[in-house]
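# Structural overview
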Amino acid sequence: MAVFDASDFDAHEGVHFFTDRATGLQAIIAIHSTHLGPAAGGTRYWSYARDVDAITDALRLSRGMSYKNAMAGLPMGGGKAVVLKKAGVDKTEALLEAFGGAIDSLGGRYVTAEDVGMSDADMTVIARRTRHVSGLPVPGGAAGGNPGPSTAEGVFRGMRAAVKHKLGKDGFAGVHVAIQGLGSVGYALAEKLAAAGAKLTVADIDPARAAKAAQAFGAAAVGVDAIMRVSADVLSPCALGAGLTAETIPALDVAIVAGAANNQLATPDDGVRLHARGILYAPDYVINAGGIINVVAEYLGDGDADAVTARIAQIEGRLLDIFAESDASSTPTDRVADAMAQKLIGR
Ligand code: NAI
């Protein structure tokens, strides 16, 4: 494969490959930038059709973390790890310990936490071999722990900013939100929105999760394809990325897209497509920074849960600034955010 001129290679500072023959570990740690501090970003445990797809994922996600951490005002660079889920290789404690050793060998240039397929219990095992890990179980009132609820809080606040900017409404009373994906973030978000008076339509590939949300929040449950065409005020992608494409965008029937998933736009052209349709897009790495804000506070020992909540609240103002700049310059919101982030990381 092409390396330095691969389309997703963005002058990453380092891309590290690790194997451990005893446990079957195969992992990639991509460090995009340490301009603002150690590269922080979670570990994804996922099965890829081809190994090259795992490399692409690590390259894209680590770049996104540089942008996310910079825009969240964190003293951290951007990195991401991928542990390849392989047939016949279990995610054993020994494998996670070996992965902890791999992280430790980077001497603190990379700091991990949970991402898709990793739990706080997994982080505890990784922590046996390195101190460069966060998202560990913490006592009540302390910063840190599972980042999902903090991410949901940030998305809730960011969506509120989008609703205010686009619909001129203060709050969610009567606002119709379609949520795609009811996992750690999506379910917590649904709970907050329902409590704030929103009308919900939800979908999950796991029908039991959709049924649970329908019962708990009076939400309407629809199929996973239908959720992208629901007539609503807001679409909130909280499943996996790349759901906004040349095919799905023309069929959207919403005023706003605001959700937690990383890399929601399949290509940069999709930001232009949303803008051209007059759909307000809350850039993913700005609105979904609540979790990293929480785990970085834990890692740095910088403040308690209340301090974290105050930092997450700043996502609202940050998005309003992006929306205003987008309006003033007739530029898609994702491009406005990218330009701001690139300036912050010196690129
Ligand atoms: P999760 O794995 O707990 O939940 C994902 C949910 O989406 C699951 O319920 C799954 O069944 C569902 N799903 C998968 N494909 C679907 C599809 N095509 N249609 C409908 N539902 C589908 O993941 P989590 O932690 O809730 O994260 C959600 C998204 O937010 C991911 O893209 C993640 O990368 C991103 N994110 C998560 C953060 C966190 O703190 N957990 C932080 C920042 C981003």
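Heads up: these notes are all about the structure in this document.

For the chain, the helix and strand inventory stands at 11 helices and 12 strands. Computed over C-alpha atoms, the radius of gyration of the chain comes to 19 Å, within 12% of the 20 Å expected from 2.2 N^0.38 for 347 residues, which places it in the range of a compact globule. Structurally, the chain occupies a C-alpha span of about 55 × 45 × 40 Å along its principal axes. Across the 347 residues in the chain, those meeting the buried criterion constitute 52%.

Turning to a nonpolar patch on the surface, a few remarks are in order. A contiguous nonpolar surface patch, about 230 Å² in accessible area, is contributed by Trp-46, Val-116 and Leu-240. Inspection of the secondary structure puts Val-116 in the loop between β6 (110–111) and α3 (120–126).

Of all residues adjacent to the ligand, which total 25 residues, the nearest are Thr-151, Val-185, Asp-204, Arg-209 and Ala-239. The backbone of Gly-183 places a nitrogen or oxygen atom 3.5 Å from an oxygen atom of the ligand. Between Arg-209 and the ligand, the recorded distance is 2.5 Å, taken from a side-chain N or O atom to an oxygen atom. Coverage of the ligand by the protein chains reaches 80% of its 830 Å² of free accessible surface. Secondary structure elements with two or more residues in the shell around the ligand: α4 (148–167) and α5 (184–195).

Below, the discussion takes up helix α9 (residues 290–300). Counting buried positions along α9 yields nine of 11 residues, so the element is predominantly enclosed. Looking at α9, one finds that the buried residues are Gly-290, Gly-291, Ile-292, Ile-293, Asn-294, Val-295, Val-296, Ala-297 and Glu-298. Where α9 terminates, the next one or two residues include Gly-301, which has phi positive at roughly 65 degrees.

Before going further, it helps to spend a moment on the packing of helix α1 (residues 51–71) against helix α11 (residues 333–344). With their axes 9 Å apart at the nearest point, α1 and α11 run at an angle of 85 degrees to one another. Classified by the interaxial angle, the pair formed by α1 and α11 is roughly perpendicular. Here Arg-63, Tyr-67, Ala-70 and Met-71 of α1 come into contact with α11, specifically with Ala-337, Asp-338, Met-340, Ala-341, Gln-342 and Leu-344. Of the residues in the contact of α1 with α11, the class split is seven nonpolar, one polar and two charged.

Most of strand β8 (residues 199–203) is tucked away: four of the five residues are buried. Note that strand β7 (residues 176–180) and β8 share five bridges and pair parallel. When the sheet's bridge partners are listed, Gln-180 is paired in β8 with Ala-203. Here two bridges tie β8 to strand β9 (residues 220–221), and the two strands are oriented parallel to one another. Looking across to β9, one finds that Val-202 is bridged to Ala-221.

The next thing to look at is the packing of aromatic side chains. Applying the stated rule across the entire model yields four aromatic pairs. Ring plane angle 50 degrees and centroid distance 5.2 Å describe the contact between Tyr-187 and Phe-217, whose orientation is recorded as tilted. Taken together, the positions of Tyr-187 in helix α5 and Phe-217 in helix α6 (residues 207–217) put the pair 30 residues apart, joining distant regions of the chain. Using a relative accessible area of 17% as the deciding quantity, one classes Tyr-187 as buried. The buried category is assigned to Phe-217, whose relative accessible area is 19%. The ring of Tyr-187 has Lys-212 sitting right over it, with the charged end atom 4.7 Å from the ring centre.

To continue, consider empty space enclosed by the protein. Following the criterion strictly, the structure yields two cavities of 30 Å³ or more and no others. When its volume is computed, the largest cavity comes out at roughly 50 Å³. By volume, the second largest cavity is sized at about 40 Å³. Around the second largest cavity, the lining residues are Ala-40, Gly-41, Met-76, Val-111, Thr-112, Ala-113, Ser-134, Ile-292, Val-295, Val-296 and Tyr-299.

A sheet is described by the order of its strands in space; here six strands give the open sequence β9-β8-β7-β10-β11-β12, paired in parallel fashion. The sheet is open, and its two edges are formed by β9 and β12 (280–281), each paired on a single side.

This paragraph deals with the nonpolar core. Judged by nonpolar contacts, the single largest core of 62 residues is most densely connected at Met-159, Val-177, Ile-179, Leu-189, Leu-193, Leu-200 and Leu-319. Ranked by residues supplied to this core, first place goes to α4 with seven residues. Ignoring sequence-local partners within four residues, the contact set of Leu-319 consists of Gly-158, Ala-161, Ala-282, Pro-283, Val-286 and Ile-287. Grouped together as the second largest cluster of nonpolar side chains are 22 residues, Ala-39, Val-83, Phe-99 and Val-125 included.

The next subject is the pairing of strand β5 (residues 77–84). A regular strand places its side chains on the two faces of the sheet in alternate fashion. Taking burial as the measure, the eight residues of β5 include eight buried ones, the bulk of the element. Two strands pair when backbone bridges link them, and strand β4 (residues 43–46) and β5 are joined in this way by four bridges, in the parallel orientation. Paired with Arg-44 across the two strands is Val-82, which belongs to β5. After leaving β4, the chain enters α1 and then returns to the sheet as β5, a path that is right-handed.

Cut-offs applied
- Residues numbered from 1 in each chain as written.
- Predicted model: local features only at pLDDT ≥ 70, side-chain atom pairs only at ≥ 80, totals over all residues.
- Heavy atoms only, no water.
- Helix = DSSP H or I, 4+ residues; strand = E, 2+ residues; numbered from the N terminus.
- Rg over C-alpha atoms; globule rule 2.2 N^0.38 Å.
- Buried < 20%, exposed > 50% of the residue type's maximum accessible area, 1.4 Å probe, protein only.
- Patch = residues over 30% accessible without salt bridge, like charges linked within 9 Å, V, L, I, M, F, W, Y side chains within 5 Å.
- Areas by Shrake-Rupley, 256 points an atom, 1.4 Å probe, with all protein chains shown as cover.
- Salt bridge = Lys/Arg side-chain N within 4 Å of Asp/Glu carboxyl O.
- Near = heavy atom within 4 Å.
- Polar contact = N/O pair within 3.5 Å; in protein donor to acceptor, adjacent residues only side chain to side chain.
- Axes fitted to C-alpha atoms, helices over the stretch in contact; angles between N-to-C directions.
- Parallel < 35°, antiparallel > 145°, perpendicular 65-115°, else oblique.
- Contact = heavy atoms within 4.5 Å.
- Nonpolar A, V, L, I, M, F, W, Y, C, P; charged D, E, K, R; others polar.
- Pairing = 2+ DSSP bridges.
- Phe/Tyr/Trp six-rings, centres within 6.5 Å; stacked < 30°, edge-to-face > 60°.
- Lys NZ or Arg CZ within 6 Å of the ring centre and 35° of its normal.
- 1 Å grid on protein atoms, 1.4 Å probe; cavity = no way out; pocket = protein on both sides within 12 Å on 5 of 7 lines; lining within 4 Å.
- Points joined across faces, edges and corners; volume = space filled by probe spheres on them.
- Core = buried A, V, L, I, M, F, W, Y, C linked by side-chain atoms within 4.5 Å.
- Right-handed = clockwise from strand over helix to strand, strands pointing away.

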